[in-house]
Amino acid sequence: MSENPQEPQAPQQPGPAPQQSGPAPQQPQDGPAYGTPQPAQSPYQGPPQAGQPYGQQYQPPPLTPSDERLWTVLAQVGPFILTFIPPLVIWLVLKDRSQFVEQEAKESLNFQITLLIAQAAAWIITGITFGFGAIVFLAFIAAVVFMIMAAVANSKGAPYRYPVNIRFIK
């Protein structure tokens, strides 16, 4: 039966052979044969995960609800220091990880762009009227109040829509 008498023989059972589910197991290889082209991998994709084929892009994990609230509050409060830059960076970096963060960062970015246009118009009007009126000051106060209201709503996990906002980025 066997050419090597030292190997034990498995008992044979009558009946059909057991079926295996899935593809047949492949023999492990030490590497591709010489001259076989390698699949191209972009340096921006990161290393492939276990079981992930080459060429498939890495997807970062979604944000937790507490992280979503944190980033949306930062997108609303960040413009106090750096105008439109914090919501722009948050939107560009985290838009694929959370729909809530994407929506609120775009809302804040649109408000900051609207606010820049309103402030430029207010400065022009103030210059034409020789400083008569406090349009610039009133626009600043309204913007601060709206940003604080947005940050409070986002900290509770609720979306906020600015009452005066031109939506440049949709």
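For the structure itself, consult the block above.
These numbers come from a predicted model, not from an experiment. For every chain, the first residue of the written sequence is number 1, and numbering continues from 1 along that sequence. In view of the model being predicted, local features appear only for residues whose pLDDT reaches at least 70, and side-chain atom pairs are presented and counted only at 80 or more, with totals across whole chains, interfaces and linings using the full set of residues. Computation of side-chain values: all heavy atoms of the structure, hydrogens and water removed.

A short note on the environment of Thr-64
Consideration 1: Relative to the elements of secondary structure, Thr-64 occurs in the segment before helix H1 (65-77).
Consideration 2: In this scheme, a residue with accessible area under 20% of its type's maximum is buried, one over 50% is exposed, and one in between is partly exposed, where area comes from a 1.4 Å probe on protein chains only. Among the residues examined, Thr-64 registers a relative accessible area of 38% and is labelled partly exposed.
Consideration 3: A C-alpha to C-alpha distance of 9.6 Å links Thr-64 and Arg-97, two positions 33 residues apart in sequence. In this text, helices come from DSSP runs of H or I with a minimum length of four residues, and strands from runs of E with a minimum of two, each type numbered from the N-terminal end.

With respect to unusual backbone geometry
Consideration 1: One non-glycine residue, Thr-83, lies in the positive phi region at around 50 degrees.
Consideration 2: Mapped onto the elements of the fold, Thr-83 is located in the loop between helix H2 (79-82) and helix H3 (85-94).

A few points about the packing of aromatic side chains
Consideration 1: Only rings of Phe, Tyr and Trp enter the pairing, Trp through its six-membered ring, and a pair is recorded when the two centres are within 6.5 Å. The plane angle decides the type: under 30 degrees is stacked, over 60 is edge-to-face, the rest tilted. Scanning all chains against the criterion turns up 3 aromatic pairs.
Consideration 2: Judged by centre distance (6.2 Å) and plane angle (80 degrees), the ring pair of Phe-111 and Phe-146 falls under edge-to-face. With Phe-111 in helix H4 (residues 99-128) and Phe-146 in helix H5 (residues 135-155), this pair connects stretches of sequence that are 35 residues apart.
Consideration 3: Geometrically, the ring pair formed by Tyr-160 and Tyr-162 is edge-to-face, given 5.2 Å between the ring centres and 90 degrees between the ring planes.
Consideration 4: By way of ring pairs, the aromatic residues Phe-111, Phe-146, Tyr-160 and Tyr-162 are connected into one cluster.
Consideration 5: By definition, being over a ring means that NZ of Lys or CZ of Arg is both within 6 Å of the ring centre and within 35 degrees of the ring normal. Its guanidinium or amino end placed over the ring of Trp-91, Lys-95 lies 4.8 Å from that ring's centre, counting from NZ or CZ.

Structural notes on the side chain of Ser-98
Consideration 1: You can see Ser-98 is positioned in the loop between H3 and H4.
Consideration 2: Separated by 3.4 Å, the side chain of Ser-98 and the backbone nitrogen of Phe-100 make a polar contact.
Consideration 3: Separated by 3.2 Å, the side chain of Ser-98 and the backbone nitrogen of Val-101 make a polar contact. Within 3.5 Å is the distance limit for a polar contact, defined as a pair of N or O atoms, with the added protein rule that one can donate a hydrogen and the other accept it, and that residues adjacent in sequence qualify only through two side-chain atoms.

So, the pattern of salt bridges
Consideration 1: One speaks of a salt bridge when a side-chain nitrogen belonging to Lys or Arg is within 4 Å of a carboxyl oxygen belonging to Asp or Glu. For the coordinates displayed, the defined rule picks out 3 salt bridges.
Consideration 2: Where salt bridges share partners, they join Glu-107, Arg-161 and Arg-167 into one cluster.

As for H3
Consideration 1: Taken residue by residue, H3 has Pro-86, Pro-87, Ile-90, Trp-91 and Leu-94 as its buried positions. Down the axis of H3, the buried side of the element spans an arc of 125 degrees, and every buried residue falls inside it.
Consideration 2: By definition in these notes, contact holds between two residues if any of their heavy atoms fall within 4.5 Å. Contacts made by the buried residues of H3 are with H1, H2 and H4. Think of it as the arc spanned by the lines of direction from the helix axis to the C-beta atoms.

Quick notes on the packing of H1 against H4
Consideration 1: Contact geometry of H1 with H4 gives a least axis separation of 9 Å together with a crossing angle of 5 degrees. Here H1 lies roughly parallel to H4, going by the angle between them. Facing H1, whose interface residues are Glu-68, Trp-71, Thr-72, Ala-75 and Gln-76, H4 presents Phe-100, Val-101, Glu-104, Ala-105 and Ser-108.
Consideration 2: Under the grouping applied here, Gly and all other residues not named as nonpolar or charged are polar, the nonpolar ones being Ala, Val, Leu, Ile, Met, Phe, Trp, Tyr, Cys and Pro and the charged ones Asp, Glu, Lys and Arg. Along the lines of polarity and charge, the residues of the contact of H1 with H4 split into 5 nonpolar, 3 polar and 2 charged. Only the stretch in contact is used when fitting a helix axis, every axis being a line fitted to C-alpha atoms; angles between N-to-C directions are given from 0 to 180 degrees. What sets the label is the angle itself: under 35 degrees gives roughly parallel, over 145 gives roughly antiparallel, 65 to 115 gives roughly perpendicular, and the rest give oblique.

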